[in-house]
Amino acid sequence: MSKYSQFCKMFFGMHLVAAAMLLTACAPSAVNMIPPVTSQTPLNQDGVVVARVINAGGSALPFNQFTITPKGLKESKDNKSPRLTSITEVNGSSSLFVSAVPAGEYSVDSVRAFYVIGEYFYSLWGSGGVELGVFNVTPGKITDLGTFIYYRKVDGDRYSDRLIRVPQTDNRAFIQAYRPFLNYDPAGVQTWVDDGSDADRFSTYVALAQNPTLFSRRYLSPNGSLFLLGKLGAVLERTPGGEWKQDMLDTNSDLNTIAQNSRGGLLVGGEQGALFYKNAAGQWVDLSFAVDTEIGAVQWLNADEALVYSVHNGVANVWRGKPADSKPNWHKHLSYAVNQGWKDAQNQLLSTGEEQPKTTKSKARVNNIRLENFFGQDYVRLGVQKAGFDNQFDVLDAVDQKLFSLSPNQQLRYETAVADNIDRVVPAGKVSLGVDVAGFWSWTGKDAYYRYDPETKQWTDIKTSVLNCPGTKLSVKNCKINGKTLRRNSGFDFISVPVFVSPLKGYASVRPSVIGERTPFMVTTADGGQNWTKLEAEYPGKYCTDMVPEVSDRIMLYCGGVSGDFYESEDEGKTWKHVRQHQMF
């Protein structure tokens, strides 16, 4: 990571006016901001540069700027680097850049996520360089740079930001979906100048893909296997016997949903239409939808039929089909459009109890769809995004939640009391917890967790403070432990979802909420998260602090964002067993 990159990130949240001069120091050179091409963009002496960037680093926002450096940049102070801005139609963790660029020879300087709201900004850099290669832009032609992957790697005591290029990739499907007027013809498309290094680049990519350090989804199957969906198509499985297996799917899209049927068949879906089926013989079949579709959930109705919950052009669709068929014929089962409601397969409006506004002036669309289950009840959750003041959609626009209970015969009912401020429901061992997801610009930036009482139909918040002086009277404000004076209670932030081994007893990995005191530690509760006490336990590794909540008969940790190592303890963290080891690359 460059010093400039570190410096820029330090100023997240600072006043924009005060930071304006500092931001100029963060730029590698003077730049020309270039918007995405439209059907009205005159090319004249320009060519079109296309690039896709996948954010595999776990940062909060996708990259929206892509800077390239022209040959001979420093020969004149009037020369400027083109900085391409991403198209806004693509959701999820990847970004697509399609812009008109002057003819010439270029290299990739950097990718950047830069967002401003009011007087505050967010900035994250990923540096490129000539080691990624050089390419030419020719008037009237497309130069397709393929796919880039941003990730974070631990170097000693700090993270470094890395950007790699995946050789022999193209963006034809994305251009056809989002910019069809460009008439992408592979025979006439330019790409990188061959420098003989693609074999090394591909080896780096394979090693990165086969060693996932971040997981977008965890799933405990009916037969007791734990599946973890990693970045770049990795599917990790821990069998009921503790054995670890790994599959690699032919996709770089984020995977975010998985389900297993009674025969052991798997259905996996994700961003950019990714959909894969694994039959009982262990073979994976690509059933992917169009790249401008997001698969939010999959569900087996029986051993043969499945439902696929998707979003396309701001409308939610539920498809029904048989994945095991050689060419599955997906039939539209249900659909939902904002200000209209749910419709059945015959496009007839369904009565769900949701009232629709009579008139509306602002644009809104379905942003995402998920399937949740708690206390044996299935729910469909829709994220509805309202357009900003300019009536355009942006990644920072608010997303409201709508929750519908789903009966075994596929009847939907709009729910209000269950939803409250809960954005999603997650498994936490022997219980399920509601999560109030912190907005990106929230003051704390921390998710809040809640337990649901089915009798009172109320959510109770999980406390975030630890009792440092157990056994003392309530009037005692401070106490001494091992010669150190401690406050009676001290606040903490959850590092990951707490794990409950019974309805009331649980464990959590946390760090102090006090600035400057960020050393993580483990806590336990015996009353459902109303009171926590500190565990006398040591972590198995410096960065290995993320708990796996689906495992409830022991404490399991992994080293999220650092390595693919997993550890487990059966004595509350006194001793640890290294159960899966990351392969170094």
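The sections below set out a description of the structure shown in this document. (Residues numbered from 1 in each chain as written. Predicted model: local features only at pLDDT ≥ 70, side-chain atom pairs only at ≥ 80, totals over all residues. Heavy atoms only, no water.)

Remarks on the environment of E517
- When you line up the elements, E517 lands in the loop between β37 (506-512) and β38 (521-525).
- Exposure remark for E517: the relative accessible area of 48% places this residue in the partly exposed category. (Helix = DSSP H or I, 4+ residues; strand = E, 2+ residues; numbered from the N terminus. Buried < 20%, exposed > 50% of the residue type's maximum accessible area, 1.4 Å probe, protein only.)

Concerning the environment of E372
- Mapped onto the elements, E372 comes out in strand β24 (residues 364-374).
- Separated by 135 residues in sequence, E372 and Y507 place their C-alpha atoms 23 Å apart.
- When neighbours within four sequence positions are excluded, E372 is seen to be in contact with Q377, D378, Y379, R381, L403, D423, R424 and V425.
- Engagement of the side chain of E372 in a polar contact is seen with the side chain of R381, the distance being 2.9 Å. (Contact = heavy atoms within 4.5 Å. Polar contact = N/O pair within 3.5 Å; in protein donor to acceptor, adjacent residues only side chain to side chain.)

Concerning the sheet that holds strand β40 (residues 546-547)
- Across the sheet, 4 strands lie side by side as β40-β41-β42-β43; this open sheet has antiparallel pairing. Edge positions in the open sheet fall to β40 and β43 (577-580), since each of these has one partner strand only.
- Direction of pairing for strand β42 (residues 566-569) relative to β43: antiparallel, over a ladder of 3 bridges. Within the sheet, the bridge partner assigned to F566 lies in β43 and is R580. (Pairing = 2+ DSSP bridges.)

Overview of the pairing of strand β8 (residues 134-137)
- Of the two faces of β8, only the one carrying F135 and V137 is buried; V134 and N136 on the other face are not.
- Across 4 bridges, the pairing between strand β6 (residues 104-117) and β8 is antiparallel. Pairing of S107 across the sheet is with V134, part of β8.

Brief notes about the state of the cysteines
- For the coordinates displayed, the defined rule picks out 2 disulfides.
- Each sulfur in the disulfide pair C469 and C479 lies 1.9 Å from the other. An S-S torsion of about -85 degrees defines the bridge between C469 and C479 as left-handed. Of this pair, C469 sits in the loop between β32 (465-467) and β33 (478-481) while C479 is found in strand β33, placing the two residues 10 residues apart along the sequence. By the burial criterion, C469 is buried, and C479 matches it.
- Here C544 connects covalently by a disulfide to C559, the sulfurs 1.9 Å from one another. Across the S-S bond linking C544 and C559, the dihedral sits near 90 degrees, which makes this disulfide right-handed. Placement of the pair is C544 in the loop between β39 (532-534) and β40 and C559 in the loop between β41 (555-558) and β42, with a sequence separation of 15 residues. Per residue, the accessibility class of C544 equals that of C559, and both read buried. (Disulfide = S-S within 2.5 Å.)

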